[in-house]
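# A structural walkthrough
So you can see what is in the structure, the chains are spelled out below.
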Amino acid sequence: MAVLAASAPPKSQRPPRQRSTQSTRRQTRAAYLLITPFLIVFVAMLIVPLFYSGYLSLFATQLIGGQEFVGLANYVQALTDPSFLGGLGRVGLFLLIQVPIMLVLALFFALALDSSRVRGSKAARLAIFVPYAVPGVVATLMWGYLYGNDFGPIAQTFRAIGIDAPNLLANDTILGSMMNIVTWEFVGYNMIIMYAALRTIPTELFDAAEVDGASEWRVAWSIKIPAIRPAIMLTVIFSIIGSFQLFNEPNLLYRLAPNVIGNDFTPNQYAYTVAFVNQDVPYAAAIAFLLGLVIMVVSYVVQLSTQRKENLS
């Protein structure tokens, strides 16, 4: 034993590779220790409720006897439910019209602020971003007041100049009014993402384009926009998810236009009504899972089509 102890090298004489391995192990243990609180909260607040909701969606609430296992019957019912399908159609139309307008405006503002011709870019950037800092509930209530046909400033302005005021909370205008609210809220958020991506482009590319005599428009179209395609795609995916999750705007505007907006105006609002008004939690869970599946499919199709276009080009 004494011979073995004497033959073992002291810590100061151990090979560098062995010391680096021990240091890496300590860093790994410290990293797992630091992320453990997040993992606990993530599993407890997201993973467990997700699996529990999936479990509940396989049951049906009976007036007598409580809950009964029905398998996929709730999903089949949701796929033939006119309220759910109508809400999907409305948010689909919302997505096709509102998202392109919002992202084009965000891209325009980002390119304008990134160019050297805009003065006061810091103040302009703050002014465009400030609406995103306003809570969605407050923004909807504010715009609801502006839209009011009897007391709203927009209607009063039209009447003051002798023109009939448009009813911005009517059947044929309510979706456009919601599009305006969401666009006002999230243009600044998407602009910041695109602007941050623009600031990472190497300036050598702009110098070379300037030497070649390229205009600002040509630089933006041929250099800047292609360089920030990943950021643009990120904003597209976020916007798709947000469109299908539309809830605050119809839920609050419902108080102002109850004859126009129903409890099933969007899938999220319909799931909320089914769960907390009709007290049918299993069916609401099935609706929520189907909505999540639709979001995943649409996001995947958009991303896949964009990648194919990039490969072809």
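Being a predicted model, the structure only gives us computed values, none of them experimental.

Another aspect to go through is the nonpolar core. Ranked by size, the top nonpolar core spans 43 residues in total, and within it F84, M191, M194, I228, F244 and I287 carry the most contacts. Elements with a contribution of two residues or more to this core: helix 3 (73-79), helix 4 (82-114), helix 8 (174-198), helix 10 (216-227), helix 11 (229-244), helix 13 (267-276) and helix 14 (281-312). Element by element, the count of residues in this core is highest for helix 4, at twelve residues. For F84, the contacting residues outside a window of four places in its chain are A78, P267, Y270, I287, L290 and L291. Judged by nonpolar contacts, the second largest core, of 16 residues, contains F94, W143, Y147 and I181.

Right, let's talk about the packing of aromatic side chains for a bit. In this description, a pair of aromatic rings is defined by centroid distance and the angle of the planes. Following the criterion strictly, the structure yields 14 aromatic pairs and no others. Consider the rings of W143 and W184, whose centres lie 6.0 Å apart with planes at 75 degrees: the pair is edge-to-face. Of the two residues, W143 sits in helix 6 (residues 136-147) while W184 sits in helix 8, which places them 41 residues apart along the sequence. Ring pairing ties together the aromatic residues Y52, Y55, F59 and F69, which thus form one cluster.

Let us now look at a nonpolar patch on the surface. Taken together, Y32, L34, I35, F38, L39, F42, V43, L46 and V48 make up a surface patch of nonpolar side chains, about 890 Å² in accessible area. Within the element layout of this structure, L34 appears in helix 2 (residues 16-56). Here L34 falls in the exposed class, since its relative accessible area comes to 69%.

Conventions used here
Residues numbered from 1 in each chain as written. Predicted model: local features only at pLDDT ≥ 70, side-chain atom pairs only at ≥ 80, totals over all residues. Heavy atoms only, no water. Core = buried A, V, L, I, M, F, W, Y, C linked by side-chain atoms within 4.5 Å. Buried < 20%, exposed > 50% of the residue type's maximum accessible area, 1.4 Å probe, protein only. Helix = DSSP H or I, 4+ residues; strand = E, 2+ residues; numbered from the N terminus. Contact = heavy atoms within 4.5 Å. Phe/Tyr/Trp six-rings, centres within 6.5 Å; stacked < 30°, edge-to-face > 60°. Patch = residues over 30% accessible without salt bridge, like charges linked within 9 Å, V, L, I, M, F, W, Y side chains within 5 Å. Areas by Shrake-Rupley, 256 points an atom, 1.4 Å probe, with all protein chains shown as cover. Salt bridge = Lys/Arg side-chain N within 4 Å of Asp/Glu carboxyl O.

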